[in-house]
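# Observations on chain architecture
Chain by chain, the residues:
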Amino acid sequence: MMADTGSEEVAVIGNTDLTPGEIENNMKNTMGEKGTLLFRKMEINVAEAEKRTVKNAVNMQETYTVYLIETRPADAASEGTNPAPDSLWRRYSEFEILRNFLLVTYPHLVVPPLPEKRAEFVWHKLSADNMDPDFVERRRVGLENFLLRVASHPILSTDHVFFTFLTEEDGWKEMVFETGFQAKADSRLKALNATFRVKNPDKRFAEMKHYSDELQSVISQLLRVRARVADRLYGVYKVHGNYGRVFSEWSAIEKEMGDGLQSAGHHMDAYAASVDDILEEEEHYADQLKEYLFYTEALRAVCRKHELMQFELEMAAQDLSTKKQQQEELATGTVRTFSLKGMTSKLFGQETPEQREAKMKALEGQIQEDEDALKDKNTECDDFVRGAWLDIERFKDQKNHDLKEALISYAIMQISMCKKGIQVWTNAKECFNKM
Amino acid sequence: MSGNVADSAISPTSPTQTIPADLSGQMLELDEDDDLEVFSKDTTNTDGGSFNASMQTSPGSMINQYKFDEEDEEQEPGAKDIFITVDDPESHVTTIETFITYRVLTKTTRGEFDSSEYEVRRRYQDFLWLRGRLEEAHPTLIVHPLPEKFVMKGMVERFNDDFIETRRRALHRFLDRVADHPILSCNEDFRVFLSAQAWELTSHKKQGPGFLTRMGETVRAVAASVRGVKNRPEEFNSIQEYVEAFSQKMTSLDRITQRITKEEKEYLEELKEYAPTYTLWSGSEEELAEPLKGMANSLDRCYQETEEQGRQLSDCLAPALHEYVLCSETLKAVLRRRDNIQAELEAKNEALATKRADRDAEPRERGVVWQSLLGKNPEEARQLKQQRLAGEIDELKEEIDKMEDRVEWANNALKGDWGRWQRSMRSDLKEAFLSTAQKNVDYYEKCLAVWESFLLSMRAEVSEVDQRAGDS
């Protein structure tokens, strides 16, 4: 299944069976099967959402939503004791802080995305308002999904900040900020957006970056088309409701046809109403796609981070080789490279042997330092590559599995929609027969 | 029978039928009436002569011939003796105009036709002419409407294929309805329309009531409609009410159906993008490539099914509903014409009453003085006047007799046809709705099959992957 280089102690196999991104109900069922550490130990729920209104720093009223996170030891359910879960409230911005921390702390990992901050790709009937109860509900589900994803990640699940996020309501924010991650977060952001050129780009990462761009583009397009299709489908179904009204009015003036028309009209109303459920179910599918749309950003970030590391490595190696050349020049007295020192010495005369001796010693020291640093950097880079590629493979398998499941659930949805349609029109047919 | 203008004397040989109060589909009970003359189909006469002869086939007896049963609206297949098809639209270009002709093919065993098969070419104008003649001959029978002359909304080209096809079907339906009608199908103009060659038809068209007679009719009709009818029988009031409401409902349904077609077209526009996007995606994937292609394929097939379902709506339901919108207009016109005929009678009755009053009145001073001024003996003048009035009164009475017959005739015709019309309306619309519902069921069943097969392939693939996972 996965390219398991097995250097970490973490059991990575079995992750691909995890399906936290699926149909909502499935999530609770698949828990506890094969999982890793935290996921196995703990049941995690985002049970509720609540609106809070407070006066903020400038004494203005601020309304926001908080989410209740419930945790419970996983074996409690199987033991049948069912103790009350521990719980705490978190708002969306705290989730963001958690995620930023993870991004900075584990740059080689594909960190699961949060549900969208603002509703995008909406079809017109859906509200784009963040306070809309449907949006809040879908966000609740998305946040739970996020936590489950992190909890089932072999490495992320072991993170202490994550653990305290789930268990300690007060003081968590302060604790996280104390780690100083914010500064790293800022520089990370800068680096991600910087432009630089790598001389020998790693083919695999370059391809992966290209893939993540393609995936982002195609899923965006898909979500756009889906929203428009949903809009139109809504229109088609709803206009049929007019048949219901007119049939009912018409039945009033008919004697023979009256009954048939009247009951057919009811079925037309039912048909028109059925589209609401259909499109609501489709939102789940859209949410599954959205998760992977946001995942592409995380994937891309890993590739970019690697690019940056590579670049820095190249710069460091370049630097070192320049210094080594300088060393050689000093030793042999030839000036092959242009340097201000060289020019000045040419113009103003050679330096004394003592001066040269001192210089060479200093350079020797620097070179030694640089060589060590480069070695460390190389190791760091190798570790990064190894860790990143492992996680990318894990992610790929997860993605393939999840998206297949998503396609399956889409097909199931379509089947249910078709069955409803068959039923309604068969009923209508019977009514027409009675006309 | 020639379609003579209905001003001539009417003498139906059958007395008034017992008309049941509930008109919505009750058959006229005719069997018990011994006075009825039952005419077999062969004696529908071929001479274009007296109006009398044509009116022998009263609606009552005609309907009796064809024995309408409430259960089966159509005659038994064996009883149908005329089959008409309309096809093969052809474009004709002349220096003045371009027009389309349709081939009208008739197969019949009816006696009044010389041959058993006819093939002629007719254009829309010819159909208009025929319908006009039928309405003139039978102002209170319900003649099926023709498709509209122009299509105002949407820039539909007059020679657009869809338009021609829709029109062709409607023209066919029109002829079928006339052929099915017990009275209209015996109309001479109808026979000529089906059988005459182009030049024959042209010359036949030139016959018939002259311009002046037609003008007279129109003037009278206008006068009558201005007068309005005073004592409309209750049954016609309820028909009128029904027609008003029915017309509204049909117009609504027509509009709704057109709106659905429009929405579906827009839906299809967006749906078109769906499959290609999945195909595009499959290009970036390895393991997901097949499932995504399967998805694209399924969406594509659903798209095609949706297209076809939309066609059913616009080819079948929409024209049917639209036809009944036009029928409503026909019904309104028929009711108006009936009203006018009654109004004419009422006017004549009023005139008679006035003349009688005049006759019975005391001689007026002024009139006598006037006569004496003209040098006439007052007594003589009065006698002359009485004579004149008597004559006029007799004339009027005769006219009123004829008019009463005419009104009775018109009312019976309408009543008879009303039941018939309702039955065929029910049958037509029931069929249109039934086939639409069926088409929708078929559509969803086909899409269901598409998705079930996709699901099957996906599940097979997933279990395959799981198997491989288990083995590794």
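By convention here, each chain's residues receive numbers from 1 onward along its written sequence. Note on labels: chains are lettered from A, ligands numbered from 1, in written order. Whole-chain, interface and lining totals are the exception, using all residues; otherwise, since this is a predicted model, local features are given only for residues with pLDDT of at least 70 and side-chain atom pairs are given and counted only at 80 or more. Each side-chain value is derived from all of the structure's non-hydrogen atoms; neither hydrogens nor water enter the calculation.

## A word on the pattern of salt bridges
All names here are of chain B. Note the following rule: Salt bridges, as used here, are contacts in which a Lys or Arg side-chain nitrogen is within 4 Å of a carboxyl oxygen on Asp or Glu. Helical segments are the DSSP runs of H or I of at least four residues, strand segments are the runs of E of at least two, and each set is numbered from the N terminus. Buried means the residue's accessible area, taken with a 1.4 Å probe over protein chains only, is under 20% of the maximum for its type, while exposed means over 50%, and partly exposed covers the values in between.
Summed over the entire model, instances satisfying the criterion amount to 62 salt bridges over all chains. Of the charged contacts in the structure, one is a salt bridge between Glu135 and Arg131, with a shortest N-O distance of 3.4 Å. Here Glu135 and its partner Arg131 are both found in helix 3 (residues 124-137), 4 residues apart, which amounts to about one turn of the helix. Of the two residues, Glu135 and Arg131, neither departs from the other in class, the shared state being buried. For Glu263, the salt bridge is made with Arg259, and the minimal N-O distance between the two is 3.0 Å. On the criterion of helical spacing, the pair formed by Glu263 and Arg259 is a turn pair, its members being 4 residues apart in helix 8 (residues 234-282). The exposure class assigned to Glu263 is buried, which follows from its relative accessible area of 5%. Accessibility expressed as a relative area gives 42% for Arg259, which makes it partly exposed.

## A closer look at the domain arrangement of chain B
All names here are of chain B. Rule in force here: Source of the domain bounds: an automatic or database domain assignment. Summed over both partners, the accessible area (1.4 Å probe) lost when two parts come together is defined as the buried area. Distance and chemistry together define a polar contact, namely a pair of N or O atoms within 3.5 Å, with one atom able to donate a hydrogen and the other to accept it when in protein, and with adjacent residues in sequence counting only for side-chain atoms on both sides. Polar here means any residue other than Ala, Val, Leu, Ile, Met, Phe, Trp, Tyr, Cys and Pro, which are nonpolar, and Asp, Glu, Lys and Arg, which are charged; Gly is therefore polar.
The assigned domain composition of chain B is domain 1 (80-208) and domain 2 (262-471). The C-alpha centroid of domain 2 is placed 20 Å from the C-alpha centroid of domain 1. Here domain 1 packs against domain 2, burying approximately 1,800 Å² in sum over the two surfaces, 55% of which is carbon and sulfur. Between Arg173 and Glu323 there is a salt bridge, and its shortest N-O distance comes to 2.3 Å. Here domain 1 is connected to domain 2 by 12 residue pairs in polar contact (both at pLDDT 80 or more). Contributing elements (two or more residues each) for the side of domain 1 that touches domain 2: helix 3 and helix 4 (161-180). A per-class count over the side of domain 1 that touches domain 2 returns 9 nonpolar, 3 polar and 7 charged.

## Concerning the interface of chain A and chain B
Frequently, the measure chosen for interface size is the accessible area removed from exposure when the parts meet. Worth spelling out the cut-off: Contacts are residue-level and defined by heavy atoms, with any inter-residue pair within 4.5 Å sufficient.
On the chain B side, the residues contacting the 56 residues of chain A number 60 residues. Summed over both partners, the interface of chain A with chain B comes to about 5,700 Å²; 73% of that surface belongs to carbon and sulfur atoms. It is A:Arg232, A:Tyr243 and A:Lys404 in chain A that bury the most area against chain B; as a group they hold 12% of the surface buried on that side. The interface formed by chain A and chain B holds 7 salt bridges in total. Linking B:Lys249 and A:Glu249 is a salt bridge whose minimum nitrogen-to-oxygen distance equals 2.7 Å. Summed over the shared surface of chain A and chain B, the result is 18 residue pairs in polar contact (both at pLDDT 80 or more). If you list the elements that add at least two residues to the side of chain A that touches chain B, you get helix 9 (203-251), helix 10 (258-332) and helix 12 (353-433) of chain A.

## What about the UniProt feature "coiled-coil region" (unreviewed entry) in chain B?
Residue and element names in this part refer to chain B. To keep things clear, this is the line we draw: UniProt positions are given in the numbering used here, feature names are shortened, and annotations may be inferred rather than shown by experiment.
The UniProt record marks residues 331-358 and 386-413 with the feature "coiled-coil region" (unreviewed entry), using the residue numbering of this structure. This span, residues 331-358, is 100% helix and 0% strand, and a straight line between its end C-alpha atoms measures 40 Å. Between the first and last C-alpha atoms of residues 386-413 the distance is 39 Å; the span itself is 100% helix and 0% strand.

## Quick notes on the sheet that holds strand 3 (residues 117-123) of chain B
Residue and element names in this part refer to chain B. Basically, it comes down to this: Think of it this way: DSSP has to see at least two bridges between two strands before they count as a pair. All axes are obtained by fitting lines to C-alpha atoms, using only the stretch in contact for helices, and the reported angles, taken between N-to-C directions, cover 0 to 180 degrees.
Spatial strand order, 1-2-3: 3 strands in an open sheet with antiparallel pairing. Unpaired on one side and paired on the other, strand 1 (82-93) and strand 3 mark the two borders of the sheet. Across the sheet, the mean angle separating the axes of adjacent strands is 20° when strand polarity is ignored. Relative to strand 2 (residues 98-108), strand 1 is paired through 10 bridges, and the arrangement is antiparallel. Across the sheet, Ile84 pairs through a bridge with Thr106, a residue of strand 2. Where helix 4 meets the sheet, its contacts fall on strand 1 and strand 2, and the angle it forms with strand 1 comes to roughly 145°. Against the sheet, helix 5 (residues 188-195) touches strand 1, strand 2 and strand 3, its axis set at about 90° to strand 3.

## Brief notes about the packing of helix 5 of chain B against helix 6 (residues 198-206) of chain B
Residues and elements named next belong to chain B. Applicable threshold: The scheme is simple: roughly parallel for angles under 35 degrees, roughly antiparallel for over 145, roughly perpendicular for 65 to 115, oblique for anything else.
At a minimum axis distance of 9 Å, the contact between helix 5 and helix 6 shows a crossing angle of 155°. Our classification of the angle between helix 5 and helix 6 gives roughly antiparallel. Counting all contacts with helix 5, which are made through Asp189, Val192, Phe193 and Ser195, the residues of helix 6 involved are Glu200, Leu201 and His204. Grouping the amino acids of the contact of helix 5 with helix 6 by side-chain chemistry returns 3 nonpolar, 2 polar and 2 charged.

## Describing the confidence of the model for chain B
Where the model shows low pLDDT, its predicted coordinates should not be examined in detail. Residues and elements named next belong to chain B. Heads up, the rule is: pLDDT measures the predictor's confidence residue by residue and takes values from 0 up to 100.
Averaged over all residues, the pLDDT of chain B equals 78, while 74% of them reach at least 70. Within chain B, no element has a lower average pLDDT than helix 1 (residues 51-56), which sits at 39, and none a higher one than helix 8, at 94. Long-range and interchain partners of residues 1-78, a stretch whose pLDDT sits below 50, account for 134 contacts in this model, where long-range means more than four residues apart. In the predicted assembly, ipTM is 0.82 and pTM is 0.77.

## Regarding the pairing of strand 2 (residues 61-73) of chain A
Residues and elements named next belong to chain A. By the bridge criterion, 13 bridges tie strand 1 (residues 42-55) to strand 2 in an arrangement that is antiparallel. Bridged to Ile44 within strand 2 is Thr71. Between strand 1 and strand 2, which follow one another and run antiparallel, lie 5 residues, and Asn59 among them has a positive phi close to 65°. Sheet topology note: the strand 2/strand 3 (residues 86-91) ladder contains 6 bridges and is antiparallel.

## What about the nonpolar core?
Note the threshold: Residues belong to one nonpolar core when they are buried, are Ala, Val, Leu, Ile, Met, Phe, Trp, Tyr or Cys, and are joined through side-chain atoms within 4.5 Å.
Ranked by internal contacts, the top residues of the largest apolar core, which has 127 residues, are A:Trp250 and B:Tyr278. Among the elements of the structure, helix 9, helix 10 and helix 12 of chain A together with helix 8, helix 9 (289-360) and helix 11 (378-471) of chain B are those that each provide at least two residues to this core. The element contributing the most residues to this core is helix 12 of chain A, with 26 residues. In this structure, A:Trp250 is in contact with A:Met257, A:Leu261, B:Phe246, B:Lys249, B:Met250, B:Leu253, B:Met425, B:Leu429 and B:Phe433, ignoring residues within four places of it in sequence.

## Digging into unusual backbone geometry
At A:Asn59, a residue that is not glycine, the phi angle is positive and equals roughly 65°. The class of A:Asn59 is exposed, set by a relative accessible area of 57%. Despite not being glycine, B:Asp88 has its phi angle at roughly 55°, a positive value. On the secondary structure map, B:Asp88 appears in strand 1. In this structure B:Asp88 comes out as partly exposed when scored by relative accessible area, which is 36%.

## Comments concerning the side chain of B:Asp339
Residue and element names in this part refer to chain B. With respect to the element layout, Asp339 can be found in helix 9. Given the relative accessible area of 10%, Asp339 is considered buried. For Asp339, the contacting residues outside a window of four places in its chain are Val229 and Arg232.

## Considerations on the packing of aromatic side chains
The test is simple: Between 30 and 60 degrees the pair is tilted, below 30 it is stacked and above 60 it is edge-to-face, where a pair is any two Phe, Tyr or Trp rings, Trp via its six-membered ring, whose centres lie within 6.5 Å. Here, over-ring charges are defined by two tests on the NZ atom of lysine or the CZ atom of arginine: distance to the ring centre within 6 Å, and angle to the ring normal within 35 degrees.
In this structure the tally under the stated criterion is 35 aromatic pairs over all chains. With centroids separated by 4.9 Å and ring planes inclined at 55°, the aromatic side chains of A:Tyr295 and A:Phe395 adopt a geometry described as tilted. Of this pair, A:Tyr295 sits in helix 10 while A:Phe395 is found in helix 12, placing the two residues 100 residues apart along the sequence. Taking relative accessible area as the criterion, A:Tyr295 reaches 0% and is therefore assigned buried. When its relative accessible area of 2% is taken as the criterion, A:Phe395 is described as buried. Following the ring pairs from residue to residue traces out a cluster consisting of A:Tyr243, A:Phe247, A:Trp250, A:Phe432, B:Tyr242, B:Phe246, B:Tyr324, B:Trp418, B:Trp421 and B:Phe433. Over the aromatic face of B:Tyr124 sits the side chain of B:Arg167, whose NZ or CZ is 3.9 Å from the ring centroid. The ring of B:Phe236 is capped by B:Arg338, whose NZ or CZ atom sits 4.3 Å from the centre of that ring.

## Notes on helix 9 of chain A
The line we're drawing: Expected span of a helix: the number of residues minus one, times 1.5 Å.
The end-to-end C-alpha separation of helix 9 of chain A is 72 Å, in line with the 72 Å expected for 49 residues at 1.5 Å each. Taking the backbone nitrogen of A:Arg204 as reference, a side-chain oxygen 2.8 Å away marks A:Asp202 as the first, capping residue of helix 9 of chain A.

## Some details on the sheet that holds strand 3 of chain A
Remark on secondary structure: sheet strands pair via backbone hydrogen bonds, oriented parallel or antiparallel. Residue and element names in this part refer to chain A. Reading across from one edge, 1-2-3 is the order of the 3 strands in this open sheet, with antiparallel pairing throughout. Looking at strand neighbours, the two that pair on one side only are strand 1 and strand 3, the edges of this open sheet. Each adjacent strand pair in this sheet contributes to an overall mean axis angle of 25°, direction not counted. Contacting strand 1 and strand 2, helix 5 (residues 133-151) crosses the sheet at an angle of about 135° to strand 1. Those strands touched by helix 6 (residues 160-167) are strand 1, strand 2 and strand 3, and its axis lies near 105° from that of strand 3.

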